[in-house]
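Fold and geometry: a report
This is what each chain is made of:
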Amino acid sequence: MCGISAYIGHREAYPIVINGLKRLEYRGYDSSGIMMYDGEKMYLTKTKGKVSDLEFITNQEEERKAGNIGMGHTRWATHGVPNDVNSHPHYSQSGELVIVHNGIIENYDTIKKELITRGYTFKSDTDTEVLINLIEEVKKTEGCKLGKAVQLALTNVVGAYAITVFDKAKPNEIVVARLGSPIAIGVGEDNKEFFVASDASPFLEYTKNAIYLEDEEMAIIKLGKEVRVRKIKDDSLVDPIIQELQISLEQIEKGGYDHFMLKEIHEQPKAITDTFRGRMLAEENMIKMGSIEDNLDKFLNADRIIIIACGTSWHAGLVGEYLIEDMARIPVEVEYASEFRYRNPIVTSKDVVIAISQSGETADTLAAIKLAKSKGAFVYGVCNVVGSSIARETHSGAYTHAGPEIGVASTKAFTTQITVLTLIALKLGKANGSLSDDSFKNYIQKMSLIPKQIEKLLEIDEHVKSIAAVYKDATNCLYLGRGFNFPVALEGALKLKEISYIHAEGYPAAEMKHGPIALIDENMPIFVIATNKGHYEKVVSNIQEIKSRAGKIIAIVTEGDTQVRDIADHVIEVPDTEEALTPLLTTIPLQLLSYHIAVMLNKNVDQPRNLAKSVTVE
Ligand code: M6R
């Protein structure tokens, strides 16, 4: 989970590479570096900190920015603490080869020991410096070109990588390779320039043509020539597919908002409308989902559905469990992908697995999918990033179509995942007769109102901000919800934790009396989801219990509620809808609340400490 940005061509490479790194900072931002080649010399600049720190250093010396070839990296540390030395790029011992790397070389220690016996010394603690020296050693001993040396070296490597390698002796080419970490090659007109990046965002303004390497593929990129793609294992040639990029520059910019997170919160009405597009036919009271229709018998005859995901996507999965069991009466289990893959789970060909991931690159989810497939299960993906590893690894699936999500804290990805899961639950419930026609139609009609309801809900921003100002200095918070809103309580707590660094816990409201109630005193803010359906009366009782222990209550209620208003310290109203659809609304104020608290505490909202957008390590 690092970002790679590289350029080779006729333009000045520096601004392309640096701006590319800024767009990729969501992938990691604890240190960064750039190598520039001016036709004679390579200049390496690396530093702990953000790309802006790197820019500050390079701005001191113009020669650090000169040349038409550049390779940059923004890092989320795995091997070696984030410092200048461990930052990428890394030179080989001779200083002739240079590499940037995303991933982990698991057998680096064995290779390092072997290289030390052959006279290599190492400046950093990284697995990456080991890899570039291995490539150099192979190149020397085999007497081969860079491409062949990279291929041979990689056959000795265990782990995951996306790499870009440059050889000063061959300055018109760069070599890239992929296993488990994404890499995209932007192809310029007439092959006069090439871009390499962890996703296509760094080169959107230059070319719409991109080649996405598959796992175990490498590419030799030579100026003026077609890109040559090979299989790493057997060196066989592959016909590269040049795809036309569908995302625009506008989608990856802040568009007047202070932060991507705020922009993405506000994009939810549009994002959900895009998720609906072509699927939710409200006028005809129909849901069309080819990927479900084509595999309907698998879903309907499944012993159970297992949902696997991590983080926010796991919370969406929990909502999915409540939805599918309620509407389609099919048993569902929700598993953390990271636990599932290592706990020797019982999975059979009668199970359907739904894997949920915004990025489509989460290593734990990907590994869990492979495990489920190996046991014969049918695996269905719910991903946002088109063409991502998870989208490719699953048998079938549905994209959420949320558009690029850049803020590290997931917002629109969550609500669009829930939207897809609701469509699936409705579709299955209708197909197996668990939902009556009337009930199905009612859901469709209520569902189609959600984007407009969120639009209206977003107008409460100032009110939420005033509540944020009251509780911004809290050190602990509780989030309570029941039924469909229990996962929303978990998600609300995660949002606060990850961007404000305030400790927060989510609980099913009724569980409070089994322990967490001991935490409550006058300093504890408790966010309670108390919409007017389902377990309303029970939640009201829970609120009374908190009140009698002097806890501060911030309640999310349905418009027009009076009962909770009388007891709570603050209320935030959400529009009325069916209980099963409330997570799509109750989530919004909790997102805004976390956002405002983080801004008031002066935290880095879009790039919270220690986190990265896609977690491509175990
Ligand atoms: O890309 P994925 O949905 O697979 O990512 C899963 C988690 O890493 C992610 O949801 C994470 O928890 C976010 N930081 C939450 O805001």
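All values derive from a computational prediction rather than experimental measurement.

**What about the side chain of Asn384?**
Within the element layout of this structure, Asn384 appears in the loop between strand S21 (378-383) and helix H13 (389-393). On the basis of relative accessible area, Asn384 is assigned to the buried category, the value being 6%. At 3.0 Å, the side chain of Asn384 and the side chain of Gln358 are in polar contact. Among all residues touching Asn384, those that are not within four sequence positions of it are Ser357, Gln358, Tyr399, Thr400, His401, Ala402, Gly403 and Glu405.

**Some points on the domain arrangement of the protein**
By domain assignment, the protein separates into domain 1 (3-245), domain 2 (254-458) and domain 3 (460-604). The centre of domain 2, based on its C-alpha atoms, is set 25 Å off from the matching centre of domain 3. Each side of the interface is counted separately: domain 2 has 35 residues, and domain 3 has 31 residues. A buried area of about 2900 Å², summed over both sides, lies between domain 2 and domain 3, and 73% of it is on carbon and sulfur atoms. Considering only the surface of domain 2 that becomes buried against domain 3, His315, Tyr322 and Leu457 emerge as the three largest contributors, covering 21% of it. Across the domain 2-domain 3 interface, the total number found is two salt bridges. Linking domain 2 to domain 3 there are 14 residue pairs in polar contact (both at pLDDT 80 or more). Of all elements in the fold, only helix H6 (260-266), helix H7 (268-276), helix H10 (311-328), helix H14 (412-431) and helix H15 (437-457) reach the threshold of two or more residues within the side of domain 2 that touches domain 3. Here the side of domain 2 that touches domain 3 takes 10 residues from H10, the largest share from any one element. Along the lines of polarity and charge, the residues of the side of domain 2 that touches domain 3 split into 19 nonpolar, 12 polar and four charged.

**Regarding the site of the ligand**
Not every one of the 14 residues close to the ligand is listed here, only the nearest: Ser313, Ser357, Ser359, Thr362 and Glu498. At 2.6 Å, a side-chain N or O of Ser313 approaches an oxygen atom of the ligand. Note that an oxygen atom of the ligand is positioned 2.4 Å from one of the side-chain N or O atoms of Glu498. Here the ligand has 410 Å² of accessible area as a free molecule, and 91% of this is covered by the chains. Those elements that place two or more of their residues in the shell around the ligand are H10 and helix H17 (486-500). Ranked by residues supplied to the shell around the ligand, first place goes to H10 with three residues. A class-by-class count of the residues in the shell around the ligand yields four nonpolar, eight polar and two charged.

Criteria and thresholds
- Residues numbered from 1 in each chain as written.
- Predicted model: local features only at pLDDT ≥ 70, side-chain atom pairs only at ≥ 80, totals over all residues.
- Heavy atoms only, no water.
- Helix = DSSP H or I, 4+ residues; strand = E, 2+ residues; numbered from the N terminus.
- Buried < 20%, exposed > 50% of the residue type's maximum accessible area, 1.4 Å probe, protein only.
- Polar contact = N/O pair within 3.5 Å; in protein donor to acceptor, adjacent residues only side chain to side chain.
- Contact = heavy atoms within 4.5 Å.
- Domains from an automatic or database assignment.
- Buried area = accessible area lost by both parts, 1.4 Å probe.
- Salt bridge = Lys/Arg side-chain N within 4 Å of Asp/Glu carboxyl O.
- Nonpolar A, V, L, I, M, F, W, Y, C, P; charged D, E, K, R; others polar.
- Near = heavy atom within 4 Å.
- Areas by Shrake-Rupley, 256 points an atom, 1.4 Å probe, with all protein chains shown as cover.

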